[in-house]
Amino acid sequence: MNPSSTSTLFDYFHCCDPFQDVSSELFDSIAGEISLLKLQNGKTLYQQDTHGDSMALLIDGRLAIKLIHPDRSETILYEMVPGEVVGVSGLLIGHKRSA
């Protein structure tokens, strides 16, 4: 999927639970703050214990949520699918990222 316009982005966001009630006017007012990012396979979007200053909506593909243990081993906690949002609590509450 390749969202290329504000209306297409609004359609993606409007289909997700946290954003279903957001009006097009409100969306238009924040659209300039939205960035599209294509993450390469195996790359990290957010790191555990970092400040939550953004959130992400997965439009295409899958995203693994991993817990990194002190010995650097990893546990996959969840695998996101398109339409899911990550990073909301860190952004709204200001907590460090837990995974």
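So, how was this worked out
- Residues numbered from 1 in each chain as written.
- Predicted model: local features only at pLDDT ≥ 70, side-chain atom pairs only at ≥ 80, totals over all residues.
- Heavy atoms only, no water.
- Helix = DSSP H or I, 4+ residues; strand = E, 2+ residues; numbered from the N terminus.
- Buried < 20%, exposed > 50% of the residue type's maximum accessible area, 1.4 Å probe, protein only.
- Lys, Arg positive; Asp, Glu negative; His and termini not counted.
- Salt bridge = Lys/Arg side-chain N within 4 Å of Asp/Glu carboxyl O.
- Polar contact = N/O pair within 3.5 Å; in protein donor to acceptor, adjacent residues only side chain to side chain.
- Phe/Tyr/Trp six-rings, centres within 6.5 Å; stacked < 30°, edge-to-face > 60°.
- Lys NZ or Arg CZ within 6 Å of the ring centre and 35° of its normal.

Asks: Teacher, can you tell me more about the side chain of Arg-97 here?
Replies: Within the element layout of this structure, Arg-97 appears in the segment after α3 (88–93). For Arg-97, which is buried and forms no salt bridge, the nearest opposite charge comes from Asp-53, at a distance of 4.1 Å. A polar contact is formed between the side chain of Arg-97 and the backbone oxygen of Ser-54, at a distance of 3.1 Å.

Asks: I'm lost on the pattern of salt bridges in this one. Help?
Replies: Any two side chains of opposite charge can pair, on the condition that their charged atoms come close. Under the criterion given, the structure shown has two salt bridges. Where Arg-62 meets Glu-79, a salt bridge forms, and the shortest distance between an N and an O atom there is 3.5 Å. One end of the pair, Arg-62, is in the loop between β1 (56–57) and β2 (63–68); the other, Glu-79, is in strand β3 (residues 74–80), with 17 residues separating them in the sequence. The exposure class assigned to Glu-79 is partly exposed, which follows from its relative accessible area of 40%. Close ionic contact of Glu-74 with Lys-66 constitutes a salt bridge, the shortest N to O distance being 3.2 Å.

Asks: Please explain unusual backbone geometry as it appears in this structure.
Replies: Phi is mostly negative for residues that are not glycine, and the peptide bonds are mostly trans. Positive phi is not limited to glycine here, since Asp-49 has a value of about 70 degrees. Mapped onto the elements, Asp-49 comes out in the loop between α2 (24–30) and β1. Of note, the phi angle at Arg-72 is positive, near 75 degrees, even though the residue is not glycine. Relative to the helices and strands, Arg-72 resides in the loop between β2 and β3.

Asks: What should I look at first to understand the environment of Lys-38 in this one?
Replies: Topologically, Lys-38 is positioned in the loop between α2 and β1. A relative accessible area of 72% places Lys-38 in the exposed class. Along the primary structure Lys-38 and Asp-21 are separated by 17 residues, whereas in three dimensions their C-alpha atoms are 26 Å apart.

Asks: Please clarify how the packing of aromatic side chains should be interpreted in this entry.
Replies: Where two aromatic rings form a pair, the distance of their centres and the angle of their planes describe that pair. Taken as a whole, this structure holds zero aromatic pairs when the rule is applied. The cationic tip of Arg-97 hangs over the ring face of Tyr-46; the distance from NZ or CZ to the ring centre is 3.5 Å.

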